[in-house]
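# Summary of the model geometry
Each chain, letter by letter, is given below.
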Protein chains: 4
Amino acid sequence: MSSPSMYSSRVAQFWWQSLLLFETGKGYTEKEVSKLSDRSDPIVGAANPLTPQTPDFRERVQESYGKQTALALLGAHLAKVEPGEVEIHLPFRADLTQQHGFLHAGIVTTVVDSACGYAAFSLMPADASVLSVEFKMNLLAPAKGEWFLARGKVVKPGRTITVCAGEVFAMGDHEPKLVATMSATMITLQDRPGISPG
Amino acid sequence: MSSPSMYSSRVAQFWWQSLLLFETGKGYTEKEVSKLSDRSDPIVGAANPLTPQTPDFRERVQESYGKQTALALLGAHLAKVEPGEVEIHLPFRADLTQQHGFLHAGIVTTVVDSACGYAAFSLMPADASVLSVEFKMNLLAPAKGEWFLARGKVVKPGRTITVCAGEVFAMGDHEPKLVATMSATMITLQDRPGISPG
Amino acid sequence: MSSPSMYSSRVAQFWWQSLLLFETGKGYTEKEVSKLSDRSDPIVGAANPLTPQTPDFRERVQESYGKQTALALLGAHLAKVEPGEVEIHLPFRADLTQQHGFLHAGIVTTVVDSACGYAAFSLMPADASVLSVEFKMNLLAPAKGEWFLARGKVVKPGRTITVCAGEVFAMGDHEPKLVATMSATMITLQDRPGISPG
Amino acid sequence: MSSPSMYSSRVAQFWWQSLLLFETGKGYTEKEVSKLSDRSDPIVGAANPLTPQTPDFRERVQESYGKQTALALLGAHLAKVEPGEVEIHLPFRADLTQQHGFLHAGIVTTVVDSACGYAAFSLMPADASVLSVEFKMNLLAPAKGEWFLARGKVVKPGRTITVCAGEVFAMGDHEPKLVATMSATMITLQDRPGISPG
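Definitions and cut-offs
Residues numbered from 1 in each chain as written. Chains lettered and ligands numbered in written order. Predicted model: local features only at pLDDT ≥ 70, side-chain atom pairs only at ≥ 80, totals over all residues. Heavy atoms only, no water. Helix = DSSP H or I, 4+ residues; strand = E, 2+ residues; numbered from the N terminus. Buried < 20%, exposed > 50% of the residue type's maximum accessible area, 1.4 Å probe, protein only. Contact = heavy atoms within 4.5 Å. Polar contact = N/O pair within 3.5 Å; in protein donor to acceptor, adjacent residues only side chain to side chain. Buried area = accessible area lost by both parts, 1.4 Å probe. Salt bridge = Lys/Arg side-chain N within 4 Å of Asp/Glu carboxyl O. Nonpolar A, V, L, I, M, F, W, Y, C, P; charged D, E, K, R; others polar. Phe/Tyr/Trp six-rings, centres within 6.5 Å; stacked < 30°, edge-to-face > 60°. Lys NZ or Arg CZ within 6 Å of the ring centre and 35° of its normal. Least-squares fit on C-alpha atoms with pLDDT ≥ 70 in both. Pairing = 2+ DSSP bridges. Axes fitted to C-alpha atoms, helices over the stretch in contact; angles between N-to-C directions.

Counting secondary structure elements, chain A contains six helices and six strands. Across chain A, helices and strands are ordered from the amino to the carboxyl terminus as α-α-α-α-α-β-β-α-β-β-β-β. For chain A, the residues scored as buried account for 63% of the 198 residues in total. Summarising the internal contacts of chain A: among those between residues at least 6 apart in sequence, 67% fall at separations of at least 24.

Here Glu82(C) lies in strand β1 (residues 77–82). Here Arg58(C) takes part through its side chain, which lies 3.0 Å from a polar atom of the side chain of Glu82(C).

What follows concerns the interface of chain C and chain A. Counting residues at the interface gives seven residues for chain C and seven residues for chain A. Looking at the side of chain C facing chain A, the largest losses of area belong to Val133(C), Glu134(C) and Ile161(C), adding up to 50% of the total buried there. Here chain C is connected to chain A by zero salt bridges. Run the count over chain C and chain A and you get zero residue pairs in polar contact (both at pLDDT 80 or more). Of all the secondary-structure elements, those providing two or more residues to the side of chain C that touches chain A are β3 (129–139) and β6 (177–189) of chain C. Of the residues contributing to the side of chain C that touches chain A, the split by class is three nonpolar, two polar and two charged.

What follows concerns the packing of aromatic side chains. Taken as a whole, this structure holds eight aromatic pairs over all chains when the rule is applied. For the pair Tyr118(B) and Phe121(B), a centre-to-centre distance of 6.1 Å together with 75° between the ring planes defines the contact as edge-to-face. One end of the pair is Tyr118(B) and the other is Phe121(B), both in helix α6 (residues 105–121) and three residues apart, which spans about a single turn. Assigned by exposure class, Tyr118(B) and Phe121(B) land together as buried. Here a set of aromatic residues connected by ring pairs shows up, and it is made of Tyr65(A), Tyr118(A) and Phe121(A). Between the NZ or CZ atom of Arg60(A) and the centre of the ring of Phe121(A), over which it lies, the distance is 4.5 Å.

Turning our eyes to something else, we now look at the relation of the copies chain C and chain A. In the superposition of chain C on chain A (RMSD 0.0 Å, axial shift 0.0 Å), the rotation amounts to 180°. The transformation just described matches what one would write down for a two-fold rotation axis. A symmetric contact is evident, with 100% of the interface residues of chain C recurring at the interface of chain A.

Moving on, we get to the sheet that holds strand β2 (residues 85–91) of chain D. Taken in spatial order, the twelve strands line up as β1(C)-β2(C)-β4(C)-β5(C)-β6(C)-β3(C)-β3(D)-β6(D)-β5(D)-β4(D)-β2(D)-β1(D) in an open sheet, and their pairing is antiparallel. The sheet is open, and its two borders are formed by β1 of chain C together with β1 (77–82) of chain D, each paired with just one other strand. In this sheet, adjacent strand axes meet at a mean angle of 20° when their direction is disregarded. Both strand β2 (residues 85–91) of chain C and strand β4 (residues 147–156) of chain C contribute to a ladder of seven bridges, which runs antiparallel. Note that in β4(C) the partner of Glu85(C) across the bridge is Lys153(C). Sitting on the sheet, helix α4 (residues 57–65) of chain C is in contact with β1 and β2 of chain C, with an inclination near 155° to β1(C). Against the sheet, helix α4 (residues 57–65) of chain D contacts β1 and β2 of chain D, and its axis sits at roughly 155° relative to β1(D).

Okay, the side chain of Glu85(A) next. In this structure, Glu85(A) sits in strand β2 (residues 85–91). In this structure the side chain of Glu85(A) is engaged in a polar contact, spanning 3.0 Å, whose partner is the side chain of Lys80(A).

Here it is as structure tokens:
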């Protein structure tokens, strides 16, 4: 595989990009600005300390993912695990569709729910389990493609509650197309009878 | 099958029941009350005219459902079609789970999304297609059971937008247990290239 | 005030009513039915033990509500507190609208979020605080009315997480009209620095 | 006001930043990559043609915003209007709080719902009206601050349905803090009796 970097940065910036273009800063007080301008610590460092609590977070995610029989049934695979970020790929199959031949919205949900759940799990302590509390999907376009890229990222980690954002792209013989977004709340469980770590 | 009525009314009232206990009516003005007390038309009749626009709405739902290959893969079947209400049953299978052996939240979503979508579709005109615009799931309890009952109902029908509520019960060797609720927005599409009615 | 009972039961059943009509029970196995038919304990009792943990739950709700300055600004008042159920009334005012003169969706949200939060809080222990983790609103119809009735109910209580359902009716010189529904996740906080019980 | 650019770019990248760090591109096929690498058109251009349909979109937003009496009551003001992006600022006031003295979640919702609605409206035709179909809020942290910055952006424009993402930051004597995110569905209405354009 040669030079995926251009490709991947394109995908990465695809829909979040508009959210970064912020040029004018109208309406801030001088006081606000001066307060901020003499600091050296990066905001993102303070706000997003997406630091794994275990050195083997990738193995823990991989092991737990291996127990998700539903993902195996669908033919999905775990493609990337970083602290607070997980990617799952799903090839299109004709037996995964709704009535018009598009990937069923529930199947889209299944892969991105797992991506979000493991993004959260990658930051949890060794004895923790992760469960979805709730999620919301916006289906932006029919899920037509050769394969699908589901990405989950932690927006706000927490001891009990972790909030994630997910996105699903249709990939193939066309521009990568954002077909769905998810916002999800995950919970960290510890010492819960009947639920082993994972 | 003998006398399912007691059973079914129990399931029906399971979680909505608390929403019906409303005894006192504190805080209403006398004017409000008198305005209401001399009417003969039932409120629910005015508010919920869940009238199908086609006589063959059951067949249309059944035919479209038959094209949802994803539901066949999961082993689900369409169990009930009434105007604005659809029920899908899904037997538990070990290849539909997340890492703790519970039904995967995305699989739970798949069946109740279809139930809500077809509840909406049952009220649509003959040339219409239905697509999910968005939905939100609350996962109330681990989805453990012998089989699962997903029900979708139309809360507010509309020409373009139909809002539905869904619920999923875990069934089997225990009390029926509400494991998830959905709120969903469905859209009616007509004359859309590449999307045939259904 | 004379005989609000007819009125209130009408409002109570308004939109949940369609969710109760469940007549046939098609598709259940005989085994399932027989398993259920010889039990004496009511399902709803097992599932919905909406039992307050403190005898003074009404006072605790009322006291905390009194600190919600935003609700006072809007002119809302607490109309009903039952275990796991709270109702707030809001008279229409011309300074609470969006651009078409309807009640602003955010104002609708404000009252029903408080109703859901206090429904959850009514079941919490004495030293607990309640915060909203997330909520989702479906806006079903323009919020036009003389006043608005917001009701929150606990769907699933829990030690940490409580899930609620909310609904808002437009009231006045017309049939009560369901204008919005909410699904919400509330969290119980205890011993949290900077957050006093309430 | 001097040089707000450093400040504003910090705010802009605050929480979306983690969503941009995407370095490896593991798992893509060579075919996928080559297909992408010889194109000159930027992906974001194809995907996000956030082009206003009217030259006076700023004036239309401003005029409609001026009719939102609820926003005036709260003391909010419209701070920025770009194609598909709107920002509203809200100074903290003691009469806008919930029981712990934080900004009420419903008030947070009110400002970011308007920001999202007008972000959508900025791209609509001259005779259109905008209404919220649904939105979901995740409350990430207590809304404590001197003032609040609510930003709405269009994620996916459409003829009937526009999907937006919103975020609210607490501002003041501390790092800008992301306190809430919204995902919202807006609808374009035309020729609707009783709803004038806006």
